[in-house]
Amino acid sequence: MSAAFSMPNVKAALSRLMHTEFFGQASRGLRGPLIAALLAFLVGLPCALIMPPLDRDESRFVQATSQMLETGDYINISYQDGPRHKKPVGIHWMQAAAVKLTSTVEARKILAYRWPSLLGAALAAFACAWGASRAFGTRIGTKAGLIFAVSFMLSTEAFWAKTDAVLTGLLTLAMAALSIIYMRTRDVDKADPPPKLGKELWIFWLATAFAILVKGPVAFLILALPILTLWGWDRRITWVRYLNIGWGLILCLAICGPWAVAITITTDGAFWTGAVGHDLKTKLDGGSEGHFGWPGYHTLLLAITMFPACGLLGGAIQTAIQRRTEPAIRFAVAWFLPAFLFFEIMPTKLPHYTLPTFAALCWLAAVSLDLSLKTWAKIINLVFGLLGGVLLTGLAWYGYKEYGTQGSLLLLVAVGASALVLMIFAAWLLLRNQQRTAFGFLLASGIIAHLSFVSLAASLTPIWVSRKMEAALQAHKLDPRLGIAPGPVATLGYSEPSLVFEMGTKTQLLNENAPAAVKALKEGRPVFVESLQEAEFQKAAKADGVVPRVVTKVTGTNYSNGRDVVITLYDNPLPEAVRPAE
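Definitions and limits used
- Here the residue numbers are simple positions, counted from 1 along each chain's written sequence.
- In keeping with the predicted nature of the model, local features appear solely for residues at pLDDT of at least 70, side-chain atom pairs appear and are counted solely at 80 or more, and the whole-chain, interface and lining totals rest on all residues.
- Calculated side-chain values reflect all of the structure's heavy atoms, with hydrogen atoms and water omitted.
- Under the scheme used here, helices are H or I runs from DSSP no shorter than 4 residues and strands are E runs no shorter than 2 residues, and both carry numbers assigned from the N terminus.
- Think of it in three bands: residues with accessible area under 20% of the maximum for their type are buried, residues over 50% are exposed, and the middle band is partly exposed, with areas taken using a 1.4 Å probe on protein chains only.
- Residue contacts follow a heavy-atom distance rule, with two residues in contact if any of their heavy atoms lie within 4.5 Å.
- Here, nonpolar core means buried Ala, Val, Leu, Ile, Met, Phe, Trp, Tyr and Cys residues that are tied together by side-chain atoms lying within 4.5 Å of each other.
- Pairing between strands is defined by DSSP: at least two bridges between them are needed.
- In this analysis, axes come from line fits to C-alpha atoms, helices being fitted only over the stretch in contact, and the angle between any two N-to-C directions falls in the range 0 to 180 degrees.
- The scheme is simple: roughly parallel for angles under 35 degrees, roughly antiparallel for over 145, roughly perpendicular for 65 to 115, oblique for anything else.
- Basically, the charged four are Asp, Glu, Lys and Arg, the nonpolar ten are Ala, Val, Leu, Ile, Met, Phe, Trp, Tyr, Cys and Pro, and anything else, Gly included, counts as polar.
- Cysteine sulfur atoms that pair up within 2.5 Å are treated as a disulfide.
- Pairs of N or O atoms are called polar contacts if they sit within 3.5 Å, as long as, within protein, a hydrogen donor faces a hydrogen acceptor (for residues adjacent in sequence, only side-chain-to-side-chain pairs).
- When a carboxyl oxygen of Asp or Glu lies within 4 Å of a side-chain nitrogen of Lys or Arg, that pair is called a salt bridge.
- Note on patches: the residues involved have over 30% relative accessible area and no salt bridge, like charges join within 9 Å, and the nonpolar side chains Val, Leu, Ile, Met, Phe, Trp and Tyr join within 5 Å.
- Accessibility throughout is a Shrake-Rupley quantity obtained with a 1.4 Å probe, and a residue counts as covered only by protein chains that appear here.

**Q** Which residues make up the overall build of the protein chain, and what values do they have?
**A** What the protein chain contains, in helices and strands, is 24 helices and seven strands. With 582 residues in all, the protein chain has 55% of them scored as buried. Considering only intrachain contacts with a sequence separation of at least 6, the fraction spanning at least 24 residues in the protein chain is 76%.

Below is the structure:
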């Protein structure tokens, strides 16, 4: 290794880059928030480019959006022939606009549907930095935005075409505006002249309204819990009168109301029965769709979801305790803790549920970089930082061992070098009170670890079964979109939403209906049959006098249920006399 790239020189360069004066100059005004937003976008973009459509939520979301574009019905949300009464329409409108601007619905390019999530993650990093800059100064604010931008959960949601990155961006923006309102009005007496809050009020209520349009009542929860907590903590709530709640609710109704009325009329109220009476109720009653988790789930998972900021978790806790009387610190604690505890208690648990609270933790973590940390805080930093590195490296090793190819080895090494080795350097520097240099190592660890981890996942070809099925159809000229074989494609046993998105809305998911698969075969359409349905399919074919022709077999692992699959592609070409005209 040359002297120019020796570890002391790297440390010195990072120290100069993170120097107080340099950071303050570079992040003045909105430059800091914009840099954080750009970083979040750039970390998510390569992943959005390389990852196939993901099962199951993402593919259901994008398929529902594609059906809006195909039918021109922008009120109803449907998945194939069934209604999808789970979330409001906001994300589908955003995705539809992105597809119209950048692609076509016929192209089935997943990137076109992912632009709103990428921009939502960028908005989240921007809002985190903006709010923290107003609370603690541009230097700390920019660091908070940067560490949030590269956090593993936000970077991951940035390339998933569903609600969570957009929701996080909107709620982080709303909470940042609310923090400014709180800090300006908390100690204002009735006799004092009212503070000017025009810009912050508009930002707060517009972000709230659009958050409701994206995910409904979750937005109220994230906003209401901090207000109630601050009321109990401060023993005053007079500052809330400056929110202009009456006009704010009117604005929310103006934005959300028209669609709410339209969907109520169109579905005769069935949307609300499904979204609130079933979907939300099952999440609160028990482990919806098998996602039950014990309390402590989200806390332990912080080592991954907040990586690399998990390496500052001890400092964040010390900041919250030591400076709890400061309004900005108090607001950050009230933003993070009650909502986080609510999700810990709620029986249904998924890693992304707590994401809208993470910006507050990044505020506290960024402030901690200026503190002299106590021994216990350094130990927590060390434990969570190393735990995150070990877990990410272990997951990458498992994926490589089970499904990796020869080309995946270099990516595995990159994951280990960034998530573990760079994190060890960062932890060591934090123990030695070299926070500025440690912050540089943390950022590098987060960026490289996420990009290499996702690249490794994308290279694990056995788990991308739907993509392999599409490739098999195209290789044997049986893809109906080629204009040779009739469509739609039918599949017996394998019914993942990613295949529906890849092959089109009319794709037949026959579940256990073997006679229907034989009927499709008699019509000359390609049919996929999973091995568990093979015996029933052959029995039905024999009873109907059909001799299926094996074209090829697709093997892999369905990561949605962890089961290895063997799927046979069958063809039974029609006689020329009855073949449809080209």
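**Q** Give a detailed account of the nonpolar core, specifying residues and quantitative values.
**A** Side chains of nonpolar character tend, in soluble globular proteins, to be buried together. Counting residues in each nonpolar core, the largest one holds 143 residues, and the members touching the most others are F148, F204 and W363. Broken down by element, this core gets its largest block of residues, 13 residues, from helix α9 (residues 164-185). If we ignore the near neighbours within four places in the chain, the residues touching W363 are C128, G131, A132, A135, F136, A144, S179, F331, A332 and W335.

**Q** How would you explain the sheet that holds strand β5 (residues 527-530) if you had to name every residue and give the values?
**A** Taken together, the five strands give an open sheet; going across it, the order is β4-β3-β5-β7-β6, and neighbouring strands pair in mixed fashion. If you trace the sheet from one side to the other, it starts and ends with β4 (508-509) and β6 (549-558), each paired once. In the packing of helix α24 (residues 534-543) onto the sheet, contacts are made with β3 (490-492), β5 and β7 (563-571), and the angle to β7 comes to roughly 20°.

**Q** Outline unusual backbone geometry, supporting the account with residue identities and numerical values.
**A** Here the bond from D55 into R56 is cis, since omega is -5°, no more than 30 degrees from zero. For the bond running from G487 to P488, omega is 5°, close enough to zero to count as cis. By secondary structure assignment, the location of P488 is in the loop between α21 (465-475) and β3. The residue R108 is not glycine, and still its phi comes out positive at about 55°. Following the sequence through the fold, R108 ends up in the loop between α5 (90-102) and α6 (110-136). Judged by its relative accessible area of 10%, R108 is buried.

**Q** Explain the packing of helix α14 (residues 297-305) against helix α16 (residues 327-345) residue by residue, including any values.
**A** For the pair α14 and α16, interaxial distance at closest approach is 8 Å and the crossing angle is 115°. The angle between α14 and α16 places the two elements in the roughly perpendicular class. Residues Y297, H298, T299 and L302 of α14 lie in contact with α16, whose contacting residues are F340, F343 and E344. For the contact of α14 with α16, the class distribution of residues is four nonpolar, two polar and one charged.

**Q** How would you sum up the pairing of β6? Please name residues and give values.
**A** Looking along a regular strand, one sees the side chains alternate between the two faces of the sheet. Bridging between β6 and β7 involves nine bridges; their strand directions are antiparallel. Bridge assignment links V554 to a residue of β7, and that residue is I567. Connecting β6 to the next strand, β7, in antiparallel fashion are four residues, including G562 with a positive phi near 75°.

**Q** Describe in detail the state of the cysteines, supporting the description with residues and values.
**A** As used in these notes, a disulfide is a covalent bond between sulfur atoms, one from each of two cysteines. A full pass over the atoms with the stated rule returns zero disulfides. C252 carries a free sulfur, and the closest cysteine sulfur to it, the one in C256, is 6.0 Å from it. Residue C252 is classed as buried on the basis of its relative accessible area, which comes to 7%.

**Q** I'd like a rundown of the environment of Q80, residues and numbers included.
**A** Here Q80 shows up in the loop between β1 (78-79) and β2 (82-83). A relative accessible area of 18% places Q80 in the buried class. When the C-alpha positions of Q80 and Q508 are compared, they lie 9.3 Å apart, and in sequence the two are 428 residues distant. Apart from the residues within four sequence positions on either side, Q80 is in contact with Q67, V500, T505, K506, T507 and L509. A distance of 2.8 Å separates the side chain of Q80 from the backbone oxygen of T505, its partner in a polar contact.

**Q** So what about the environment of P295? Which residues, and what values?
**A** Here P295 lies in the loop between α13 (270-285) and α14. Look at P295 and you get exposed, because its relative accessible area is 59%.

**Q** Let's hear about the pattern of salt bridges: which residues, and what values?
**A** One pass over the structure, following the stated rule, counts 23 salt bridges. With a shortest N-O distance of 2.8 Å, R114 and E58 are connected by a salt bridge. Residue R114 is found in helix α6, and its partner E58 is found in helix α4 (residues 57-71); the two are separated by 56 residues along the sequence. Judged by relative accessible area, which is 0%, R114 ranks as buried. The class of E58 is buried, set by a relative accessible area of 3%. One network of salt bridges, with partners in common, ties together R186, D187, D234, R236 and R330.

**Q** Go over a nonpolar patch on the surface, please, and point to the residues and values.
**A** A cluster of nonpolar side chains, contributed by W202, L206 and F210, occupies part of the molecular surface with about 300 Å² of accessible area. Mapped onto the fold, W202 is located in helix α10 (residues 198-215). Overall, W202 belongs to the exposed group, its relative accessible area being 55%.

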